Amino acid sequence: MSTSPSQGRKVWTRRIDRAAELADRNPYAREVLLFYSRILEFQSRVYEATQVRDIPASGDRSGLRGSLDLDESVRHFPELTAVVQKSGPTNLAEEASRLRGSSSAQLRQLLEQRLVASDLPDDGGSFFARVLLQPQAERIAQAADAGGQQVFGNQCPYCQSDPQLAVIRPEGDGGKRMLLCSFCQTEWEFRRILCPSCGEEHNDNLPRYSAEGIAAVRVEACDVCKHYLKSVDMTVDGLAVPVVDEIATAPLDLWAVEHGYRKIQVNLMGF
């Protein structure tokens, strides 16, 4: 069964409320979380405005991207730049000011480039494209009931994007590991002892790191390919909201980078 509009609104409300809660509890992350709250509020409006016309089949990467309404994203762009100029960090506010002078055709081209090549150098436009496109992609995936896919590959079974993070969800007396898509937010099951980047499966090569005071989030790294992602353990904190808690724990990313690891896919805030 696909996600109803009311269920979708609850998802966004939980994200916004969790960002505010963690901002109050974690002074070191307060600034980034308050800005992220404003971005979530904007994205929730994009999500609400998304009209799902075509539902592509699972695994059809081009189909999902082809279902996105880029003209609608362009129409939301002035509102996004206003949010960033008011609440964002200096570098993004400056980029917002620069992009405001772009034509609709130029903005559409920016979005198209990010859809076909996610590994383009980050010239500042990646943040804006990702903020605009993610809510649409999530809404389309939900309409197709893409959640809970029991496929064990290392990319999203719905749109073939890389994972953003891992989520440990309660199951019986333990938990099962899910990966969460960096683009359409679909979750799919993945083996607990396996690197999502290179497939390494020897436990000795897959170190886990946690930090004092951060109980539910840890770094899951690989000493073979030197990639990592973070996992949010819902068996430890059932109130966690994975995409928000992942952003709230930037010290873990700093630790990982200092120790020579590279994230499989950076989050919306760029770390």
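All of the points below concern the structure found in this document.

Definitions and limits used
Residues numbered from 1 in each chain as written. Predicted model: local features only at pLDDT ≥ 70, side-chain atom pairs only at ≥ 80, totals over all residues. Heavy atoms only, no water. Phe/Tyr/Trp six-rings, centres within 6.5 Å; stacked < 30°, edge-to-face > 60°. Buried < 20%, exposed > 50% of the residue type's maximum accessible area, 1.4 Å probe, protein only. Helix = DSSP H or I, 4+ residues; strand = E, 2+ residues; numbered from the N terminus. Lys NZ or Arg CZ within 6 Å of the ring centre and 35° of its normal. Contact = heavy atoms within 4.5 Å. Salt bridge = Lys/Arg side-chain N within 4 Å of Asp/Glu carboxyl O. Axes fitted to C-alpha atoms, helices over the stretch in contact; angles between N-to-C directions. Parallel < 35°, antiparallel > 145°, perpendicular 65-115°, else oblique. Left-handed = near helix turned anticlockwise from the far one by under 90°. Nonpolar A, V, L, I, M, F, W, Y, C, P; charged D, E, K, R; others polar. Core = buried A, V, L, I, M, F, W, Y, C linked by side-chain atoms within 4.5 Å.

1. Quick word on the packing of aromatic side chains
Stage number 1. Scanning the model with the defined rule gives seven aromatic pairs in all.
Stage number 2. Here the aromatic rings of Phe127 and Phe128 are separated by 5.3 Å at their centres, their planes lie at 85°, and the arrangement is edge-to-face. For the residue pair Phe127 and Phe128, the accessibility class agrees, reading buried in each case.
Stage number 3. Centroid distance Tyr209 to Trp255: 4.0 Å. Interplanar angle 45°. Geometry classified as tilted. Of the two residues, Tyr209 sits in strand E4 (residues 208-211) while Trp255 sits in helix H9 (residues 250-258), which places them 46 residues apart along the sequence.
Stage number 4. Three or more aromatic residues joined by ring pairs make a cluster, and in this case those are Phe35, Phe77, Phe127 and Phe128.
Stage number 5. If you follow Arg15 out to its NZ or CZ, it ends over the ring of Trp12, 4.5 Å from the centre.
Stage number 6. The ring of Phe183 has Arg65 lying over it, and the distance from NZ or CZ to the ring centre is 4.6 Å.

2. Some thoughts on the side chain of Asp245
Stage number 1. Along the chain, Asp245 turns up in helix H8 (residues 242-247).
Stage number 2. Asp245 sits in the buried class, given a relative accessible area of 6%.
Stage number 3. Apart from residues no more than four positions distant in its own chain, Asp245 is found in contact with Arg18, Leu22, Val217, Val232 and Ala240.

3. So, the environment of Leu194
Stage number 1. Of note, Leu194 is situated in the loop between strand E3 (187-189) and E4.
Stage number 2. The class for Leu194 is buried, based on a relative accessible area of 13%.
Stage number 3. Along the primary structure Leu194 and Leu206 are separated by twelve residues, whereas in three dimensions their C-alpha atoms are 7.8 Å apart.
Stage number 4. Excluding its chain neighbours within four sequence positions, the residues that come into contact with Leu194 are Arg177, Gly199, Glu200, Glu201 and Leu206.

4. A look at the pattern of salt bridges
Stage number 1. Counted according to the given criterion, the structure contains 23 salt bridges.
Stage number 2. The closest approach of N and O atoms between Glu246 and Lys230, which form a salt bridge, is 3.9 Å. Note that Glu246 is positioned in helix H8 and Lys230 in strand E6 (residues 227-233), a separation of 16 residues in sequence.
Stage number 3. Connected via shared salt-bridge partners are Arg18, Glu21, Arg25, Asp237 and Asp245.

5. Let's talk about the packing of helix H4 (residues 70-87) against helix H6 (residues 104-116)
Stage number 1. Where H4 contacts H6, the axes come no closer than 9 Å and their chain directions differ by 120°. As judged from the angle between their axes, H4 and H6 are oblique. Here H4 runs over H6; the crossing is right-handed. Touching Leu70, Asp71, Ser73, Val74 and Phe77 of H4 are Ser104, Leu107, Arg108, Leu111, Glu112 and Leu115, all from H6.
Stage number 2. In terms of residue class, the contact of H4 with H6 is made up of six nonpolar, two polar and three charged.

6. With respect to the packing of helix H2 (residues 30-49) against H4
Stage number 1. Viewed as axis vectors pointing N to C, H2 and H4 meet at an angle of 165°, and their least axial separation amounts to 10 Å. As summarised for this structure, H2 and H4 are arranged roughly antiparallel, according to the angle between their axes. When the axes of H2 and H4 are compared, the crossing they make is right-handed. Residues Phe35, Arg38, Ile39, Phe42, Arg45, Val46 and Ala49 of H2 form the contact with H4, whose participating residues are Glu72, His76, Glu79, Leu80, Val83, Val84 and Ser87.
Stage number 2. Tallied by class, residues from the contact of H2 with H4 come to eight nonpolar, two polar and four charged.

7. Here's the deal with unusual backbone geometry
Stage number 1. In this model, Gln185 sits at a positive phi of 70°, which is unusual for a non-glycine residue.
Stage number 2. By the element assignment, Gln185 lies in the loop between strand E2 (174-181) and E3.
Stage number 3. Positive phi, normally seen in glycine, also occurs at Lys226, with a value near 65°.
Stage number 4. Within the fold, Lys226 resides in the loop between strand E5 (214-221) and E6.

8. Regarding the nonpolar core
A general trend in soluble globular proteins is that nonpolar side chains are found buried together.
Stage number 1. Judged by nonpolar contacts, the single largest core of 73 residues is most densely connected at Ile39 and Phe127.
Stage number 2. The element contributing the most residues to this core is helix H7 (residues 125-143), with nine residues.
Stage number 3. For Phe127, the residues in contact, after removing those within four places along its chain, are Phe35, Ile39, Val84, Leu92, Leu268 and Met269.

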